[in-house]
Amino acid sequence: MRTADNQPAKRDSFASSFGVLVAMAGSAVGLGNLWRFPYLVGQNGGAAFILIYLGFVILAGLPVMLAEFIIGRRSQASARRAFQVLAPGTHWGITGILGVICCILILSFYSVVGGWGIEYLFKSVRFDFTYGNQENLKTLFSSFSTSVWRPLICHTVFLALTAGIVIAGVQKGIEKFSKVMMPLLFLIVIGIAVRSMTLPGSGPGLSYLFKPDWSKVTSQTFLAALGQAFFSLSLGSCMVITYASYVKKDANIISLSAQTAAADTVFALIAGCAIMPAVFAFGISPGEGPDLVFVTLPHIFSQMPLGGVIAIFFFLALLLAALTSAISILEVIVAFCMEEFKMKRTVADVLVFFVIWVLGCLCSLSMGPLSSWKVLDKNIFDLFDFLSADFLMLLGGLLIVIFAGWKLGRKVVYDEFTNGGTLPVPAWMLKTLLFLIRFVAPAALLAIAIFQIHE
Ligand code: TRP
């Protein structure tokens, strides 16, 4: 059944505000927090990086999230159509298409890393790390990630789990799954943080996290911090637009955005407290890079009292965090196909599964047999990561704040923030947020872009 303007008559929606919050937090909290954040902190000077990161979350992340919320909730439509509903007859829909492309690239490599999580969960259940030292755990990881079959099988399982949740729909799939998994995830990571911080010799790890060392900060640090803020909050790729399109008209957009950003940031800090103190307690250098989670941590688990059990919980957390994020990325693409090509959810879900599966296989093989296929001097995996996280998300974010701040304009923004005047939001807050959306976020994004081109 369709209404006069050809909108599907019944759109799925989230059942409650709590449901929206856990789904949004589920999207935000992911490999970005457990895998990317700790190693970036390690490479970029600890607390100094964290402070710059927090600055970007507030000055660029929050405004983009608010802008996406406004666009999604007001239009009640998926990535491209959202822009067309709000600005008919313009080319703004391209922003939505860029978002969908960005999500396709992200999910392709995300699913591969999610698959590694599955493999490592199995390894930890079999207590495979018990006798490992740093060298043979490094070999274990590189021989696994560069091999052909096992990573492909794990990627397939991870993507199938993701597609299995999304096929059940927004309320019965995404919301239900996130409601159970997110509280569990927080509990596990808090537990690991307590264990890590009570290890003898963990003190220097904590001061590394909370005492800034500005000497490691370079222009690259700023780019890394901004990219990480966008990646971690799932911004600039129409993810928030898509989820917000399932949010009811009486929900409070400002508090949902603030709570999501806060939950994600707090989780990243807890993950830091779970990892850094242990890294220091065992005398390992914090700047290990992307291998941190798959080599250094198993090494630490092998030496820590109760480490074998902690390893199981850690990789379980990694997998859950990755799944609740992957479903949000997949939902952007599936919702797009459903609305643009009038597909049923099942058909769209299966179709997108196959496309991402093929691209993910290429990403996975680019670690091993296809490592000589290079574009811009990067293998396929790194290319997808670079194009999405360092380019499309930032471009998308810029277009989105400009659209909300200048094209939709003050009246619409205030109207969405106050739900048509029914929510008592103080005037100074409205003005400040609009200022962030109109000036501060675009300036930060442009400055970083110019900086990067100059390098
Ligand atoms: N935020 C997630 C993480 O930290 C990743 C993610 C989920 C994402 N949805 C997204 C990234 C959409 C970009 C766009 O792991």
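Note: the structure precedes this text.
Being a predicted model, the structure only gives us computed values, none of them experimental. (Residues numbered from 1 in each chain as written. Predicted model: local features only at pLDDT ≥ 70, side-chain atom pairs only at ≥ 80, totals over all residues. Heavy atoms only, no water.)

Quick look at the overall build of the protein chain now. Looking only at helices and strands, the protein chain features 17 helices and zero strands. Computed over C-alpha atoms, the radius of gyration of the protein chain comes to 21 Å, within 12% of the 23 Å expected from 2.2 N^0.38 for 455 residues, which places it in the range of a compact globule. In terms of its C-alpha atoms, the protein chain occupies a principal-axis envelope of roughly 65 × 45 × 45 Å. The buried share of the protein chain, reckoned over its 455 residues, is 59%. In the protein chain, the share of contacts with a sequence separation of at least 24, taken over all contacts with a separation of at least 6, comes to 83%. (Helix = DSSP H or I, 4+ residues; strand = E, 2+ residues; numbered from the N terminus. Rg over C-alpha atoms; globule rule 2.2 N^0.38 Å. Buried < 20%, exposed > 50% of the residue type's maximum accessible area, 1.4 Å probe, protein only. Contact = heavy atoms within 4.5 Å.)

Here we come to the site of the ligand. Contacts to the ligand come from 17 residues, most closely from Ala28, Gly32, Tyr110, Phe231 and Ser237. Separating an oxygen atom of the ligand from a backbone N or O atom of Ala28 is a distance of 2.9 Å. In the model, an oxygen atom of the ligand is placed 3.4 Å from a nitrogen or oxygen of the Asn33 side chain. For the ligand, whose accessible area on its own is 360 Å², the fraction buried by protein is 100%. One can see that the ligand is located within the largest cavity. Those elements that provide at least two residues to the shell around the ligand are α1 (17-28), α2 (31-43), α5 (93-125), α10 (219-232) and α14 (307-340). Split into classes, the residues belonging to the shell around the ligand amount to eight nonpolar, nine polar and no charged. (Near = heavy atom within 4 Å. Polar contact = N/O pair within 3.5 Å; in protein donor to acceptor, adjacent residues only side chain to side chain. Areas by Shrake-Rupley, 256 points an atom, 1.4 Å probe, with all protein chains shown as cover. 1 Å grid on protein atoms, 1.4 Å probe; cavity = no way out; pocket = protein on both sides within 12 Å on 5 of 7 lines; lining within 4 Å. Sits in = over half its atoms within 2 Å of the grid points. Nonpolar A, V, L, I, M, F, W, Y, C, P; charged D, E, K, R; others polar.)

The next thing to look at is helix α7 (residues 149-167). Along its 19 residues, α7 runs 26 Å from first to last C-alpha, staying within 8% of the 27 Å computed at 1.5 Å per residue. Among all positions in α7, only Pro151, Leu152, Cys154, His155, Phe158, Leu159, Thr162, Ala163, Ile165 and Val166 are buried. The arc that holds the buried residues of α7, viewed along the axis, is 165°, so those residues lie on one side. Exposed residues pointing more than 90 degrees away from the buried face of α7 are listed as Trp149 and Ile153. Buried residues along α7 sit in contact with α5, α6 (134-145), α8 (170-197), α14 and α15 (345-365). (Expected span 1.5 Å × (residues − 1). Arc of directions from axis to C-beta.)

This model, assessed by the stated rule, comprises three cavities of 30 Å³ or more. Lining the largest cavity are 16 residues, with Ser27, Ile106, Phe231, Ser234 and Ile329 positioned closest to its centre. At the level of elements, α1, α2, α5 and α14 are the ones that each hand at least two residues to the lining of the largest cavity. Taken as a whole, the second largest cavity spans an internal volume of roughly 50 Å³. For the second largest cavity, the full set of lining residues is Ile192, Ala274, Ile275, Ala278, Leu297, Phe301, Met304 and Phe314. Those elements that provide at least two residues to the lining of the second largest cavity are α12 (253-281) and α13 (296-303). Split by residue class, the lining of the second largest cavity holds eight nonpolar, no polar and no charged. (Points joined across faces, edges and corners; volume = space filled by probe spheres on them.)

If you add up the space inside the largest pocket, you get close to 670 Å³. For the largest pocket, the lining is made up of 27 residues, of which Arg36, Tyr39, Pro290, Asp385 and Asp390 are closest to its centre. At the level of elements, α2, α6, α10 and α16 (380-417) are the ones that each hand at least two residues to the lining of the largest pocket. Tallied by class, the residues present in the lining of the largest pocket amount to eleven nonpolar, ten polar and six charged.

Let us look at the pattern of salt bridges. Across all of its chains, the model carries 13 salt bridges by this definition. Between Arg36 and Asp385 there is a salt bridge whose closest N-O contact spans 3.8 Å. One end of the pair, Arg36, is in helix α2; the other, Asp385, is in helix α16, and 349 residues separate them in sequence. For the pair Arg36 and Asp385, a shared accessibility class is recorded, and that class is buried. The partner of Lys216 in a salt bridge is Asp213, and the shortest N-O contact between them spans 3.8 Å. By relative accessible area, Asp213 is classed as partly exposed at 29%. (Salt bridge = Lys/Arg side-chain N within 4 Å of Asp/Glu carboxyl O.)

The next point concerns a nonpolar patch on the surface. Together, Val148, Trp149, Ile153, Val157 and Leu161 give the surface a local cluster of nonpolar side chains, amounting to about 470 Å² of exposed area. Mapped onto the elements of the fold, Val148 is located in the loop between α6 and α7. Note on Val148: relative accessible area 30%, which makes it partly exposed. (Patch = residues over 30% accessible without salt bridge, like charges linked within 9 Å, V, L, I, M, F, W, Y side chains within 5 Å.)

Excluding glycine, a negative phi dihedral is what most residues carry, and trans is how most peptide bonds are arranged. In this structure, Gln76 takes a positive phi of about 50° despite not being glycine. Positionally, Gln76 belongs in the loop between α3 (47-75) and α4 (79-86). The partly exposed category is assigned to Gln76, whose relative accessible area is 23%.

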